[in-house]
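# Structural overview for review
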Amino acid sequence: MTVDAVVVGAGPNGLAAAVTLARAGLSVEVLEANDWIGGGTATREVTLPGFRHDLASAVHPMALASPFFREFELSDRVDLIVPEVSYAHPVSSHAGVAYRDLDRTVEELGRDGSTYERLLRPIVERADDAADFAMSSLLRPPQHLAATAAMTLGTGWQGTPAWGWGFDDDVAPSMLTGVAAHVIGRHPRLSVAGAGLLLSALAHAGGWPVPRGGSQSIADAMVADLQAHGGRVRTGVDVTSLAELDYAKVRLLDVSAGSLEQIGRDRLPDRYRRALRGLRPGPGVSKLDLALDGPVPWSDKRLSQAPTIHLGGTRAQIRQSEGEVAAGRLPEAPYVLLVQPSVVDPTRAPQGKAVLWAYTHVPYGCSVDRSDVILDTIEQHAPGTRDLVLGSHAFPASRLHEVSANFAGGDFASGAVSMRQLARRPILSPTPWRTPVAGTYVCSGSTTPGPSVHGMAGWSAARTALEDLGIDAPSLSIKR
């Protein structure tokens with residue numbers, strides 16, 4: 001059976017590509033190696049029955065801000081719970097709380113509130129434009145000058161040794177660094193600071209949504225739209241060669257640069273394959289999922305309101321621990337990113353119970369299970385958490401490919417996030433999704449604009465393919 005288009009990978013980028021192509025009138029088939037769909041948006045019962053855990057991303061700042069998801073009208077398809085508290089960050093005996101209300105956040109930050117506001121308000125007020133700028137190729141001229149200027153100035157401030165200018169206390173700068181550490185790397189760095197700045201602004205603009213029922217609902221919404229337009233998904237299909245895709249006119253691969261290099265080894269030119277091998281992987285994560293007998297007993301009760309919590313201490317302490325990871329070492333006092341979706345979504349666990357999702361950064365490919373270190377870090381702020389554990393499931397970095405081959409070595413980003421690799425992802429081109437093989441495109445986090453659940457690489461690759469076919473890009477509106 002021949003089809004117009006085949007998409008390899010049913011993660012958010014692959015599904016974004018498939019939806020776009022199907023709505024343009026092409027017959028579309030999606031091939032997924034796993035027995036389930038979702039990739040970075042999969043939700044499964046990995047600890048105990050009735051406890052639904054997100055295998056990768058759990059909270060989605062880009063669900064409201066991504067140009068693709070805005071066009072797709074995701075917020076009308078999925079129940080996105082937007083909490084009043086986007087995240088919290090305990091520092092010693094005090095915690096910084098990022099409310100969706102910027103004014104309230106500024107007020108609670110005291111003397112550093114005005115500096116925090118000076119940095120973020122120009123971006124918060126232009127959040128959609130800032131997201132458009134961040135999701136675009138660095139080789140294309142910016143469309144929104146005010147947002148571009150605010151992002152550029154803020155990144156220059158927070159991505160250089162001047163990052164402490166204007167701050168007198170530890171809490172506000174620690175909050176900013178805790179968010180920037182979502183992108184694994186040394187601090188301060190322009191690439192890390194830029195991503196962190198946008199995420200920090202989104203915490204006070206649209207907020208950081210939690211999909212009811214788990215991240216799986218995002219993938220399910222895209223599959224439903226794909227099927228409504230004639231497309232289909234086949235699971236349990238592991239593609240190992242481009243020759244296996246010859247039955248389609250166009251081929252889009254939501255696979256990492258390393259996987260593409262192997263799949264295309266017989267057809268891709270040597271120069272392009274060298275470029276794919278040159279996309280350096282970033283550090284990985286060691287992830288822990290817990291089924292709990294009740295809510296986490298935080299010493300600071302305000303942390304019970306926050307779905308996302310950053311543990312790792314002060315800016316200086318996070319800088320130290322992230323620097324150790326970048327140097328290939330395991331820090332004794334690590335940064336831990338924790339999500340407790342049950343505080344806003346009771347569907348995740350049986351009544352009275354809770355789920356917890358947490359990871360810490362480790363060197364690429366590390367096989368060490370850091371579960372005990374993660375639990376020790378949580379216990380410092382929530383004594384008695386260990387006593388609530390009913391079940392657990394650990395994913396060391398060396399096993400994260402079991403969630404998605406794109407996460408090999410624990411690298412969620414499918415390639416380190418650096419300024420060089422943001423410009424050359426995987427090649428230096430205004431259309432980096434197009435490969436040298438006619439009709440073949442790459443649409444994973446290894447391409448522009450990089451990692452996160454935003455669907456932009458898939459959308460951009462699909463629109464590039466449609467342009468090459470002489471077909472107009474379709475509307476993604478629900479009413480179409």
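Structure: above.
Since the model is a prediction, treat every value here as computed from it, not as a measurement. (Residues numbered from 1 in each chain as written. Predicted model: local features only at pLDDT ≥ 70, side-chain atom pairs only at ≥ 80, totals over all residues. Heavy atoms only, no water.)

### Focus: unusual backbone geometry
What counts here: Per the convention used, a helix needs a DSSP run of H or I reaching at least four residues, while a strand needs a run of E reaching at least two, with both numbered from the N terminus.
Going from His-187 to Pro-188, the amide bond is cis rather than trans, its omega being -10°. Looking at the secondary structure, you find Pro-188 in the loop between α9 (171-180) and α10 (190-204). Cis geometry marks the peptide bond from Arg-425 to Pro-426, where omega comes out at -5°. At Ser-414, a position not held by glycine, the phi torsion is positive, near 55°.

### Describing the nonpolar core
How we decide: Only buried residues count toward a nonpolar core, which is a set of Ala, Val, Leu, Ile, Met, Phe, Trp, Tyr and Cys residues joined through side-chain atoms within 4.5 Å. Whether a residue is buried, partly exposed or exposed follows from its accessible area with a 1.4 Å probe, protein chains only, as a fraction of its type maximum: under 20%, in between, or over 50%, in that order. The criterion used for residue contact is that any of the two residues' heavy atoms lie within 4.5 Å.
Membership of the largest hydrophobic core comes to 97 residues, with the highest contact counts inside it found for Leu-21, Val-28, Phe-68, Tyr-116, Met-222 and Leu-252. With near-sequence residues (within four places) excluded, Phe-68 lies in contact with Ala-16, Thr-20, Met-222, His-454, Gly-455, Met-456, Trp-459 and Leu-476. If you look at the next biggest cluster of nonpolar residues, it comprises 24 residues, including Ala-88, Tyr-99, Val-336 and Ala-358.

### With respect to empty space enclosed by the protein
Heads up, the condition is: The method works on a 1 Å grid over the protein atoms by themselves. A cavity is a set of points holding a 1.4 Å probe that cannot get out, a pocket is an open set with protein on both sides within 12 Å along at least five of seven lines, and residues with an atom within 4 Å of a point line them. Grid points are joined across faces, edges and corners, and a volume is the space filled by probe spheres set on the points. Gly counts as polar in this scheme, as do all residues outside two lists: the nonpolar Ala, Val, Leu, Ile, Met, Phe, Trp, Tyr, Cys and Pro, and the charged Asp, Glu, Lys and Arg.
All told, the structure shown has 3 cavities of 30 Å³ or more when counted by the stated rule. One number sums up the size of the largest cavity: a volume of about 100 Å³. Gln-158, Leu-176, Ala-180, Ala-193 and Arg-315 are, among the 14 residues lining the largest cavity, the residues nearest its centre. Elements represented by at least two residues in the lining of the largest cavity include exactly α9 and α10. At 5 residues, the largest contribution of residues to the lining of the largest cavity is made by α10. Looking at the lining of the largest cavity, its residues break down into 7 nonpolar, 5 polar and 2 charged.

### So, the packing of helix α1 (residues 12-23) against helix α11 (residues 216-228)
Any two packed helices are characterised by the angle at which their axes cross and by the distance between the axes. Stated precisely, the cut-off is as follows: Note on geometry: axes are lines fitted to C-alpha atoms, helical ones only across the stretch in contact, with angles between N-to-C directions running from 0 to 180 degrees. Any angle that is under 35 degrees is reported as roughly parallel, and any over 145 degrees as roughly antiparallel; angles of 65 to 115 degrees are reported as roughly perpendicular and all others as oblique. Note: crossing handedness is left-handed where the near helix turns anticlockwise from the far helix by less than a right angle, and right-handed where it turns clockwise.
Running from N to C, α1 and α11 point in directions that differ by 20°, and their axes come no closer than 9 Å. In terms of axis orientation, α1 runs roughly parallel to α11. In terms of crossing hand, the pair formed by α1 and α11 is left-handed. Taken together, the residues of α11 that come into contact with α1 (itself represented by Pro-12, Leu-15, Ala-16, Ala-18, Val-19, Ala-22 and Arg-23) are Ala-219, Met-222, Val-223, Asp-225 and Leu-226. Class assignment for the residues of the contact of α1 with α11 results in 10 nonpolar, no polar and 2 charged.

### A few points about the sheet that holds strand β16 (residues 440-442)
Using the following cut-off: Pairing between two strands requires that DSSP report at least two bridges joining them.
Reading across the sheet, the 5 strands line up as β9-β2-β1-β10-β16 and stay open at both edges, with parallel pairing between neighbours. Every other strand in the sheet has two partners, leaving β9 (232-235) and β16 as the edge strands with one partner each. Strand-to-strand twist of the sheet, defined as the mean angle between neighbouring strand axes without regard to direction, takes the value 20°. Across 4 bridges, the pairing between strand β1 (residues 3-8) and strand β2 (residues 28-32) is parallel. The partner of Val-6 across the bridge, within β2, is Glu-29.

### Structural notes on the packing of helix α6 (residues 113-124) against α10
In the contact formed by α6 and α10, the axes pass within 9 Å of each other and the chain directions differ by 80°. By the angle class used here, α6 and α10 are roughly perpendicular. Two secondary-structure elements touch here, α6 through Tyr-116, Leu-119, Leu-120, Ile-123 and Val-124 and α10 through Leu-197, Ser-200, Ala-201 and His-204. Grouping the amino acids of the contact of α6 with α10 by side-chain chemistry returns 7 nonpolar, 2 polar and no charged.

### Details of the sheet that holds strand β14 (residues 354-362)
Spatially, 7 strands are ordered β7-β6-β12-β13-β14-β11-β15 in an open sheet, and the strand pairing comes out mixed. Since the sheet does not close on itself, it has two edges, and those belong to β7 (94-99) and β15 (389-395), each with one partner. Within the sheet, the average angular offset between the axes of one strand and its neighbour, ignoring direction, is 20°. Sheet analysis places strand β11 (residues 284-292) next to β14, joined by 9 bridges and oriented antiparallel. Bridging across to β14, Leu-290 finds its partner in Leu-356. Contacts from helix α15 (residues 371-381) reach β6 (85-91), β11, β12 (308-311), β13 (336-339), β14 and β15 within the one sheet, and its direction differs from that of β11 by about 60°.

### As for the pattern of salt bridges
The criterion, for reference: By convention in these notes, a salt bridge is any Lys or Arg side-chain nitrogen within 4 Å of a carboxyl oxygen on Asp or Glu.
Here the structure, examined in full by the defined rule, presents 25 salt bridges. Note that Arg-100 is salt-bridged to Glu-84, the shortest N-O span being 2.9 Å. Within this pair, whereas Arg-100 is found in the loop between β7 and α5 (102-108), its partner Glu-84 is found in the loop between β5 (80-81) and β6, the two being separated by 16 residues in sequence. As a salt-bridge pair, Arg-399 and Glu-402 come within 3.0 Å of each other at their nearest N and O atoms. Residue classification places Arg-399 among the partly exposed residues on the basis of a relative accessible area of 30%.

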